[in-house]
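Descriptive structure summary
Here is how the chains run, residue by residue.
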Amino acid sequence: ELPWATKKIQLTSKQPTGKKINQVKQNWYRLNSQSDVFYEKDNLREALPPALTALALAEQYFSEKHPLTLRSYQSVGILYRRSGLYEQAEQYFRKAVTISTALLGANHPTTADHIHDLSVIYRFQNKIKQAEEQCTKAYTLFKNMFGEDDLHTMKSLRNRASIYQATHFHHLAE
């Protein structure tokens, strides 16, 4: 185990208050900062442990519908995706979509971003039907929120083109 990961925060309450909540948040931010430093250096192997520890901290001390918990799921999903571990990434992105929908609503830009990320993972896994369904959802949300010429909408359109291209190549392989 990593020395910093084995240090347990000595809190007695699942729902910390006052100074305790500040301590938990500071530790969560510190862990994410460590992960970000490694991520920016493209050292994904070292970026994952602090991100997973931050997620465990958020799950332990905050509700599932807490913004820090949501951000942790997204961060871990991104690290797994960048590492090529798509099945693991899928689990975290699906959870991020669920939490984001409950926390922010189905028609929120952050929820649409999480849906888009999930569609990319499905595309990488060659789960074309699921990729297309999620991509269409994200595209529709972005188009309705920001219009056809927005960068978010265009990002979903590019993903859709990649899905169709993958479908074409898939048929050639058969």
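Presented here is an overview of the structure given in this document. If you're wondering where the values come from, they're calculated on a predicted model, not measured in any experiment. (Residues numbered from 1 in each chain as written. Predicted model: local features only at pLDDT ≥ 70, side-chain atom pairs only at ≥ 80, totals over all residues. Heavy atoms only, no water.)

Quick notes on the overall build of the protein chain
Within the protein chain, the regular secondary structure consists of eight helices and zero strands. When its helices and strands are written in sequence order, the protein chain yields α-α-α-α-α-α-α-α. Looking at the protein chain as a whole, 37% of its 174 residues are labelled buried. Accessible surface, the protein chain: about 10,000 Å² in total, of which carbon and sulfur atoms supply 51%. (Helix = DSSP H or I, 4+ residues; strand = E, 2+ residues; numbered from the N terminus. Buried < 20%, exposed > 50% of the residue type's maximum accessible area, 1.4 Å probe, protein only. Areas by Shrake-Rupley, 256 points an atom, 1.4 Å probe, with all protein chains shown as cover.)

Some remarks on the side chain of Thr69
Tracing the sequence through the fold places Thr69 in helix H4 (residues 67–82). Excluding anything up to four places from it in sequence, Thr69 contacts Leu55, Ala58, Glu59, Phe62, Ser63, Glu64 and Ile99. (Contact = heavy atoms within 4.5 Å.)

As for helix H7 (residues 128–146)
At 3.6 residues per turn, the α-helix brings residues three or four places apart onto the same side. Here H7 contains 19 residues, and its C-alpha end-to-end distance of 26 Å stays within 8% of the 27 Å for a straight helix at 1.5 Å per residue. Turning to H7, its buried residues are Ile128, Ala131, Gln134, Cys135, Ala138, Tyr139, Leu141 and Phe142. All buried residues of H7 lie within an arc of 165 degrees about the axis, which places them on one face of the element. Opposite the buried face of H7, by more than 90 degrees, sit the exposed residues Lys129 and Asn144. (Expected span 1.5 Å × (residues − 1). Arc of directions from axis to C-beta.)

Side note on the packing of helix H3 (residues 44–61) against H4
In contact at an axis separation of 9 Å, H3 and H4 are set at 155 degrees when each is read in the N-to-C sense. As judged from the angle between their axes, H3 and H4 are roughly antiparallel. When the axes of H3 and H4 are compared, the crossing they make is left-handed. Listed contacts from H4 to Leu44, Ala47, Leu48, Ala51, Leu52, Ala54, Leu55, Ala58 and Glu59 of H3 are Leu68, Thr69, Ser72, Tyr73, Val76, Leu79, Tyr80 and Arg82. In terms of residue class, the contact of H3 with H4 is made up of 13 nonpolar, two polar and two charged. (Axes fitted to C-alpha atoms, helices over the stretch in contact; angles between N-to-C directions. Parallel < 35°, antiparallel > 145°, perpendicular 65-115°, else oblique. Left-handed = near helix turned anticlockwise from the far one by under 90°. Nonpolar A, V, L, I, M, F, W, Y, C, P; charged D, E, K, R; others polar.)

Keep in mind these values describe shape, not function.
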